[in-house]
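Geometric and topological summary
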Amino acid sequence: MNSSENDKTNICPSIVYSSGSQLFPLKVFLKTARKDVIQGLPFTKQLLIQNVVKRYRYSSLGLFWAFIPSALIAILLTLGQRTGIAGLTSQNVPPQVYGIFGIVMMQIFLESFNSQRIFLTYYLHLSVRQKIPLEAFILAGFGENIFNLFMRLPVLIAVLIFFDITPQLTIILMPFGFLLLILFASSLGLLLAPWNALSNDLDSIMQVLPWFLFGITPVFFMPRDGTLLHRLFVYNPLTHIFEAIRWLTYGGEIDHPLIFCLITLMTIFLFVVGWLYCKLCLPYVVERTLN
Amino acid sequence: MGDLLLETQNLSKRFCREPKLAFRYTLADIFEEFRYLPERTKKLRKGEFWCLKNINFKLNRGEALGLIGHNGAGKSTLINLLMGIIRPTAGEVRWYTNNIVTIDQQSGLNPLQTGRENIYNKLSLHGLSTRKIVKEIDGIIEYSGISDFIDTPLGTYSMGMRLRLVFSIYTRLRPDVFIIDEALGVGDMKFQEKFASFLRNYLDSGGSIILVSHQLYQIQSLCDRCLILDQGQIISQGSTEKATSDYYELMQIKAQTESMLEPLFSQETKQLLTQTTEEYGLVKILDLKIIPLDTEQIQSGGKVLFELICDSSIRKSSIAPFILITLGKSNRLAVMQGCEEDCPYSLEIGINKFSCVVEQLPLMPGKYQIITGIKDTTSKATLTVKGVEDLPFIMDVKSYQNLVLQLSQILKTTLYISAKWN
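Right, let's walk through the structure included here. Since we're looking at a predicted model, the values are computed, not measured. (Residues numbered from 1 in each chain as written. Chains lettered and ligands numbered in written order. Predicted model: local features only at pLDDT ≥ 70, side-chain atom pairs only at ≥ 80, totals over all residues. Heavy atoms only, no water.)

1. Here we look at the interface of chain B and chain A
Taken together, the 66 residues of chain B in the interface contact 49 residues of chain A. Around 5000 Å² of area is buried between chain B and chain A when both sides are counted, 55% of it from carbon and sulfur atoms. For the pair chain B and chain A, the number of links is one salt bridge. Between A:Glu287 and B:Lys13 there is a salt bridge; the shortest N-O distance is 2.7 Å. Joining chain B to chain A, the criterion identifies 20 residue pairs in polar contact (both at pLDDT 80 or more). Mapped onto the side of chain B that touches chain A, the elements with two or more residues apiece are β1 (4-16), α1 (19-33), α2 (75-82), β4 (90-95), β5 (100-104) and α3 (115-125) of chain B. The residue makeup of the side of chain B that touches chain A, split by class, is 30 nonpolar, 18 polar and 18 charged. Judged from the four bridges that link them, strand β1 (residues 15-18) of chain A and β4(B) form a sheet pairing that is antiparallel. Looking at β4(B), one finds that A:Tyr17 is bridged to B:Val93. (Contact = heavy atoms within 4.5 Å. Buried area = accessible area lost by both parts, 1.4 Å probe. Salt bridge = Lys/Arg side-chain N within 4 Å of Asp/Glu carboxyl O. Polar contact = N/O pair within 3.5 Å; in protein donor to acceptor, adjacent residues only side chain to side chain. Helix = DSSP H or I, 4+ residues; strand = E, 2+ residues; numbered from the N terminus. Nonpolar A, V, L, I, M, F, W, Y, C, P; charged D, E, K, R; others polar. Pairing = 2+ DSSP bridges.)

Below is the structure:
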């Protein structure tokens, strides 16, 4: 090697792919992650717009789907109230309002959770031959979930007007409650995304999980204090987020504000961890697809 | 030579063939990412093999590097490692630029999205802002010539239309390095020529290319330098002329090795060659010497001496030694037989030597199997034969720098005739 070549190799390379751990040095890893977010923003924007457009391009009923589940649930809960099912009648708002809020929150939770859980599997074909910042897919998914939320907010407002509920002033903070819900669901989804892409086990679990969640989350009612079911509900972080959103909207009681604050901090932490974990796993997930 | 843009150092990658083990190893590798371990030599685990081993090369600005290798040689894995899509097991890839674009047959296009959406995606992925894309998009659509279909999903496009779209997108990008993975091979001749001419202009303006292709004429027309990959290793690196010649030789040897594993002769041919009397076996072939006379090694078009040495326990007048050159199972190329009538050979007790000279060996470079034998010209019976039921002799014809020979290699001819033109 001559001296001029030596000089050239002494220049600091712009990109290095080595066999060492991607995580260390941590500073470099975080710097790359930040750079990828910024670089991926134009693509994120395109992806988000296209995904939303695509959804309505291939769906003939469009926005109708945002309203129909809520309307059906309202009918069912009205029937339940007339039959006098205990629990449905013990809330400070009509059970239809409680239930529709519950079902909308659960829908948003499951949608956000699933969209991040499957994103690696869904976009893998694009990542096999092209270096695409993973963050673009995560953020586009996150954006789409927020879009879904805004599509459903009119339903909730319509319900409040229909049942003549006076909202609290805190209702302006309600979208932030939903945002936390989306963030929490996305974090869980991101933590499971690599597993989902590597094996089919999660698909089988997902057949049961929503039903199980319905059983331990205050979707339609909150169990009475002191019961075992109530204790299970309290252990479930979703309970606290659900109750906080309801409290922000139409008041009532919030039992564990401290736990809610802790969950908020944990959610933000989990989201960052989930994102970096997916970033770390991506090359291995792609490698498995190639084999 | 321009600035250094890329270098790899001892780049290696291991893969596992068994799905169950591979899944376990993937989990172990992910776990390893969380451990702060000093760089250490990673070994093969059970069921693994080296898909790439110790790959070292450099790419400079303004240079076109060809990557040649048969299917499974490790070309695509190397590209994936270069792009950081998968992680190396050992070694390092160092880029001295951020501006790299990969083009392959899929080209990362999304079939569910429209042509227009795909243009937005591709360009935004390469850092173009929406404002710039809006400015460029009409030109791109016009250049692609598929403006009538630009708002229909890409899934409905024919392969030719997709290529035209991809091409018009990529021609707008001005990266420092284009990595082209077999993308030129698809599309009609007109498209290929258009793409090649674009790449030539790009090279002239100081761009660099890594070109992966099975079609060697494309590599020859664009690249200055080539790497040949075989079983995950670089077996030749140098000028395109030398590398392509080495590649042909490698391919021929591979084809021949495969055919050598098959039985050489059918039952009928075997009977014909070993039609014997009770004297069969009394003569034993000891050796066949193949000596180049006017060159250092046996090569196409060279003068070659064949010397057959045998040990006989009988005396026999009028015999004919023969040499049969074969290339695998089905290709019996030529037979050379000692004169039968006008100058008959005779066999003495003890060591006998028979020789002949081929003035210009008409064989292409490669490994040939040689069956030798001695026939009794009176009874037409075979006295001995070597290479039918035991191992044949092997003749290794080497390649060398010669334009006609290289053309013959590209055209995959069977024979090489060294003709003198007036």
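2. What to know about the sheet that holds strand β11 (residues 304-312) of chain B
All names here are of chain B. With antiparallel pairing, the three strands of this open sheet are ordered in space as β10-β11-β15. Single-partner strands in this sheet number two, and they are β10 (283-292) and β15 (350-358). Each strand of the sheet is rotated relative to its neighbour by a mean of 15 degrees, with strand direction disregarded. When β10 meets β11, the two strands line up antiparallel, connected through nine bridges. Considered in β11, the bridge of Leu-288 is made with Leu-308. (Axes fitted to C-alpha atoms, helices over the stretch in contact; angles between N-to-C directions.)

3. A closer look at the packing of helix α4 (residues 95-117) of chain A against helix α8 (residues 201-216) of chain A
In a packed pair of helices, the relevant descriptors are the angle between the two axes and the axis-to-axis distance. Residue and element names in this part refer to chain A. At their nearest, the axes of α4 and α8 sit 12 Å apart, and the two run at 160 degrees to each other. Compared by their axis directions, α4 and α8 come out roughly antiparallel. For the element pair α4 and α8, the recorded crossing hand is right-handed. Contact with α4, carried on its side by Ile-103, Met-106, Phe-109, Leu-110, Phe-113, Asn-114 and Arg-117, involves Leu-202, Asp-203, Met-206, Leu-209, Pro-210, Leu-213 and Phe-214 of α8 and no other residues of that element. A breakdown of the residues in the contact of α4 with α8 according to their chemical character gives eleven nonpolar, one polar and two charged. (Parallel < 35°, antiparallel > 145°, perpendicular 65-115°, else oblique. Left-handed = near helix turned anticlockwise from the far one by under 90°.)

4. Topic: the nonpolar core
A:Phe109, A:Phe119, A:Phe178, A:Leu181, B:Leu78 and B:Trp95 are the most contacted members of the largest nonpolar core, which totals 104 residues. In terms of residue count, the dominant contributor to this core is α4(A) (twelve residues). Every residue in contact with B:Trp95, bar those within four places of it in the chain, is listed here: A:Pro13, A:Ser14, A:Ile15, A:Tyr17, B:Leu5, B:Leu6, B:Leu82, B:Ile100, B:Val177 and B:Ile179. The next biggest cluster of nonpolar side chains, apart from the first, holds 45 residues, and it includes B:Val101, B:Ile140, B:Ile141 and B:Phe195. (Core = buried A, V, L, I, M, F, W, Y, C linked by side-chain atoms within 4.5 Å. Buried < 20%, exposed > 50% of the residue type's maximum accessible area, 1.4 Å probe, protein only.)

5. As for the sheet that holds β1(A)
Consider a sheet: its strands pair through backbone hydrogen bonds, and that pairing is either parallel or antiparallel. Taken in spatial order, the four strands line up as β1(A)-β4(B)-β1(B)-β2(B) in an open sheet, and their pairing is antiparallel. On the outer flanks of this sheet lie β1 of chain A together with β2 (48-60) of chain B, each paired with one strand and no other. This sheet shows a mean twist of 15 degrees between the axes of neighbouring strands, independent of strand direction.

6. Focus on the packing of aromatic side chains
Residue and element names in this part refer to chain B. For the coordinates displayed, the defined rule picks out 20 aromatic pairs over all chains. With a centroid separation of 5.3 Å and 70 degrees between ring planes, the pair formed by Phe-167 and Phe-195 is classed as edge-to-face. With a gap of 28 residues between them, Phe-167 in helix α5 (residues 159-170) and Phe-195 in helix α6 (residues 189-204) connect regions that are remote in the sequence. Note on accessibility: Phe-167 and Phe-195 belong to one class, buried. Joined through ring pairs, the aromatic side chains of Tyr-143, Phe-167, Tyr-170, Phe-178, Phe-195, Phe-198 and Tyr-202 make up one cluster. Directly above the aromatic system of Phe-49 lies the positively charged group of Arg-17, at a separation of 4.0 Å from the ring centroid. The lysine or arginine in question, Lys-53, covers the ring of Trp-50, its NZ or CZ lying 4.2 Å from the ring centre. (Phe/Tyr/Trp six-rings, centres within 6.5 Å; stacked < 30°, edge-to-face > 60°. Lys NZ or Arg CZ within 6 Å of the ring centre and 35° of its normal.)

Read these as layout, nothing more, since geometry by itself doesn't imply function.
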